[in-house]
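Okay, here's what each chain looks like letter by letter:
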Amino acid sequence: MVAQTPTETTANIIYPDSDGLPMSDNTKQFRWIVTIKENLELIYAQNPDVFVAGDLLWYPVEGNNTIRQAPDVMVAIGRPKGDRGSYQQWREEGIAPQVVFEVLSPGNRLGEMHRKLRFYEQYGVSEYYLYDPDRLDFTGWIRSEDRLESIEQPTDWISPLLGIRFKLEPDGLVIYRPDGQTFSSFIDLDLRRQEAEQRAERLATKLRELGIDPENL
């Protein structure tokens, strides 16, 4: 199929980088968004062809800047990392984000969330996950042909595409990376790094006391 040259009208359409809405309504929602996004970035840090973004406007249709959505977190497998003002699907080899996450806040309305579900269904999302940290409610949908079907047992579920596991515990959602480590905040991750460095230094000190140079091991 020969690609068509955009009309002058289409070429001049502006796709804004912002919809004017805040990324989150409160600190709890923001913390969850950042935790999910950054841990996914960590999982795919060595894969140059997985793009992860938070609160980035996604335009699925060239020529119409009113059809758009900004998932709290989205993952586009097969697209290169890098900065973008928005995700314009026709510039991304036509690849839609395969996985999206939404974190509810008290300001979200049922009608709004239903519209998002229909949007993600229509424009090609394969997995959609929705978490309400106030009500401790986790739900998910997975694509079956041209529809997003509700996951029957989302409270203990492994994402087919990402390999991460969702486990709804009595005190909230726990997400496990493919290596079994839990999704953690940036602070927790840094504390783990510091603890590992301290353990390594203590071991090196003991080896030196025994007359062993740790660098020769």
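Residues numbered from 1 in each chain as written. Predicted model: local features only at pLDDT ≥ 70, side-chain atom pairs only at ≥ 80, totals over all residues. Heavy atoms only, no water.

## A closer look at the overall build of the protein
Rule in force here: Segments assigned H or I by DSSP are reported as helices when at least four residues long, segments assigned E as strands when at least two residues long, and all are numbered from the N terminus. The buried label goes to any residue with under 20% of its type's maximum accessible area, the exposed label to any with over 50%, and the partly exposed label to all in between, with areas taken from a 1.4 Å probe on protein chains only. Residues count as neighbours in contact if any of their non-hydrogen atoms are within 4.5 Å of one another. Exposure was quantified through the Shrake-Rupley algorithm and a 1.4 Å probe, taking into account, for residues, occlusion by the shown protein chains and nothing else.
Of the regular secondary structure elements, the protein holds four helices and eleven strands. Out of the 217 residues in the protein, the part that is buried amounts to 36%. Long-range pairs, those at least 24 residues apart, make up 57% of the contacts in the protein between residues at least 6 apart in sequence. For the protein, the exposed surface amounts to about 13000 Å²; the carbon and sulfur share of it is 51%.

## Focus on the confidence of the model for the protein
Selection rule: One confidence number per residue, pLDDT, is output by the predictor and ranges from 0 to 100.
Put simply, the protein has an average pLDDT of 88, and 88% of its residues get 70 or more. Segment residues 1-8: pLDDT under 50, and one contact once partners within four positions in sequence are set aside and those in other chains are kept.

## Things to note about the packing of aromatic side chains
When we look at a pair of aromatic rings, we describe it by the centre distance and by the angle of the planes. Rules: Classification of ring pairs rests on two measures: the distance between centres of Phe, Tyr or Trp rings, Trp counted by its six-membered ring, which must be within 6.5 Å, and the angle between planes, read as stacked under 30 degrees, edge-to-face over 60 and tilted in between. Comment: the charge-over-ring label is applied if NZ (Lys) or CZ (Arg) is within 6 Å of the ring centre and within 35 degrees of the ring normal.
Under the defined criterion, the tally for this structure stands at 15 aromatic pairs. Between Phe119 and Tyr123, the aromatic rings sit 4.8 Å apart at their centres with planes inclined by 50°, giving tilted as the arrangement. Grouped by ring-pair contacts, the aromatic residues Trp58, Phe119, Tyr120, Tyr123, Tyr128 and Trp141 constitute a single cluster. The ring centre of Phe51 lies 3.9 Å from the NZ or CZ of Arg84, which sits over that ring. Its guanidinium or amino end placed over the ring of Tyr176, Arg165 lies 5.6 Å from that ring's centre, counting from NZ or CZ.

## Description of empty space enclosed by the protein
To keep it simple, the criterion reads: Points on a 1 Å grid over protein atoms alone make up a cavity when a 1.4 Å probe fits among them but cannot get out, and a pocket when they form an open set with protein on both sides within 12 Å along at least five of seven lines; lining residues each have an atom within 4 Å of a point. Grid points are joined across faces, edges and corners, and a volume is the space filled by probe spheres set on the points.
Taken as a whole, this structure holds one cavity of 30 Å³ or more when the rule is applied. Quantified by volume, the largest cavity comes out at close to 40 Å³. In terms of lining, the largest cavity is formed by Ile36, Phe101, Glu102, Val103, Tyr129, Leu130, Tyr131, Phe138, Phe166, Leu173 and Ile175. Secondary-structure elements contributing two or more residues to the lining of the largest cavity are strand E5 (99-103), strand E6 (127-132) and strand E11 (172-176).

## Quick look at the nonpolar core
Condition: The nonpolar core is taken to be a set of buried Ala, Val, Leu, Ile, Met, Phe, Trp, Tyr and Cys residues, with the residues joined through side-chain atoms within 4.5 Å.
Counting residues in hydrophobic clusters, the biggest one holds 22 residues, and the most contacted among them are Ile36, Leu40, Phe101, Leu162, Ile164, Phe166 and Ile175. Of all the secondary-structure elements, those providing two or more residues to this core are helix H2 (27-43), strand E1 (50-54), strand E3 (73-77), E5, E6 and E11. Per-element tally for this core: the top contributor is H2, with four residues. The contact partners of Phe166, leaving out residues within four places of it in the chain, are Phe101, Tyr129, Phe138, Pro154, Thr155, Asp156, Trp157, Ser159, Leu173, Val174 and Ile175. Counting 20 residues, the second largest nonpolar core, distinct from the first, contains Trp58, Tyr87, Phe119 and Trp141.

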